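# Remarks on the overall topology
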Amino acid sequence: MTLTIRPALATDVDGLSALAALTFPLACPPDLPRASVEAFVRDSLGPTSFRGYLEDPTHRLLAGVGPDGDVLAYALLIEGTAMDESCARVISSRPTVGVSKFYLHPCLHGSGEAGRLLDVVIRLAQDSGARSLWLATNVANSRALAFYARSGFERRGHRDFMVGGVRNLDVVLERPVQRPL
Ligand SMILES: CC(C)(COP(=O)(O)OP(=O)(O)OC[C@H]1O[C@@H](n2cnc3c(N)ncnc32)[C@H](O)[C@@H]1OP(=O)(O)O)[C@@H](O)C(=O)NCCC(=O)NCCS
């Protein structure tokens, strides 16, 4: 299946939050209490949160839509290091864009669509004049870490990330995106 990748619309909000609730647990370490994961989903990934992401001019929300119109992937970009200023000290190239969220429905894992979504993210960052992309993912999220390493991200350090009141350790990664001259 090939996704149509486009800016998210207000009408995508319910689909985005349903996909986020399904996929966020996949990025969490297996020993994280279910109640903490559910609290994060409720507080940060509901329709109201997605409406806020859509309306914030420093945010760019992309949706990957299947042939039936279902939202099957999404990415949220945030200018600079605003998504976590504690990471600013380890990011080496500026201007930078943070990839706050990058999620695909499990039916698309291993399909190559993650690479296509990342290509769109890279192009958006380049068009905005950024010189790098950065993100953070859990130390135990081996699949994502392998995908990002293959996609040109390098490790820059670690950060703490709170999920439902529980502290988690993330790897911070950065990738150059400067356009060739
Ligand atoms: C992370 C994600 C976007 C990657 O997309 P994908 O289509 O699964 O990625 P790919 O299959 O192209 O690459 C995954 C890599 O992990 C490897 N892999 C697969 N399962 C693995 C596992 N259980 N443990 C370790 N590595 C694994 C694959 O072999 C591949 O490695 P390679 O590039 O060296 O061959 C997608 O899996 C996803 O949405 N996951 C759930 C949400 C998430 O974790 N998002 C990231 C949050 S920052």
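Residues numbered from 1 in each chain as written. Predicted model: local features only at pLDDT ≥ 70, side-chain atom pairs only at ≥ 80, totals over all residues. Heavy atoms only, no water.

In the annotation of an unreviewed UniProt entry, the entry for the protein chain reads GNAT family N-acetyltransferase, and the organism field reads Dietzia natronolimnaea.

Inspection of every chain in the model, using the stated rule, returns 0 disulfides. Cys87 carries a free sulfur, and the closest cysteine sulfur to it, the one in Cys28, is 17 Å from it. Of all cysteine sulfurs, the one in Cys28 lies closest to Cys107, which takes part in no disulfide; the gap is 20 Å. Accessibility expressed as a relative area gives 49% for Cys107, which makes it partly exposed. (Disulfide = S-S within 2.5 Å. Buried < 20%, exposed > 50% of the residue type's maximum accessible area, 1.4 Å probe, protein only.)

With that settled, the discussion passes to the site of the ligand. Close to the ligand lie 19 residues; Leu104, Gly110, Asn141, Arg143 and Arg150 are nearest. Note that an oxygen atom of the ligand is positioned 2.7 Å from one of the side-chain N or O atoms of Arg143. Within the side chain of Arg150, a nitrogen or oxygen atom sits 2.4 Å from an oxygen atom of the ligand. Contact with the protein chains hides 70% of the accessible area of the ligand, taken as 950 Å² for the molecule alone. Most atoms of the ligand, that is more than half of them, are within 2 Å of grid points of the largest pocket. Those elements giving two or more residues to the shell around the ligand turn out to be β4 (96–104), β5 (132–138) and α5 (142–150). Of the residues contributing to the shell around the ligand, the split by class is 12 nonpolar, 5 polar and 2 charged. (Near = heavy atom within 4 Å. Polar contact = N/O pair within 3.5 Å; in protein donor to acceptor, adjacent residues only side chain to side chain. Areas by Shrake-Rupley, 256 points an atom, 1.4 Å probe, with all protein chains shown as cover. 1 Å grid on protein atoms, 1.4 Å probe; cavity = no way out; pocket = protein on both sides within 12 Å on 5 of 7 lines; lining within 4 Å. Sits in = over half its atoms within 2 Å of the grid points. Helix = DSSP H or I, 4+ residues; strand = E, 2+ residues; numbered from the N terminus. Nonpolar A, V, L, I, M, F, W, Y, C, P; charged D, E, K, R; others polar.)

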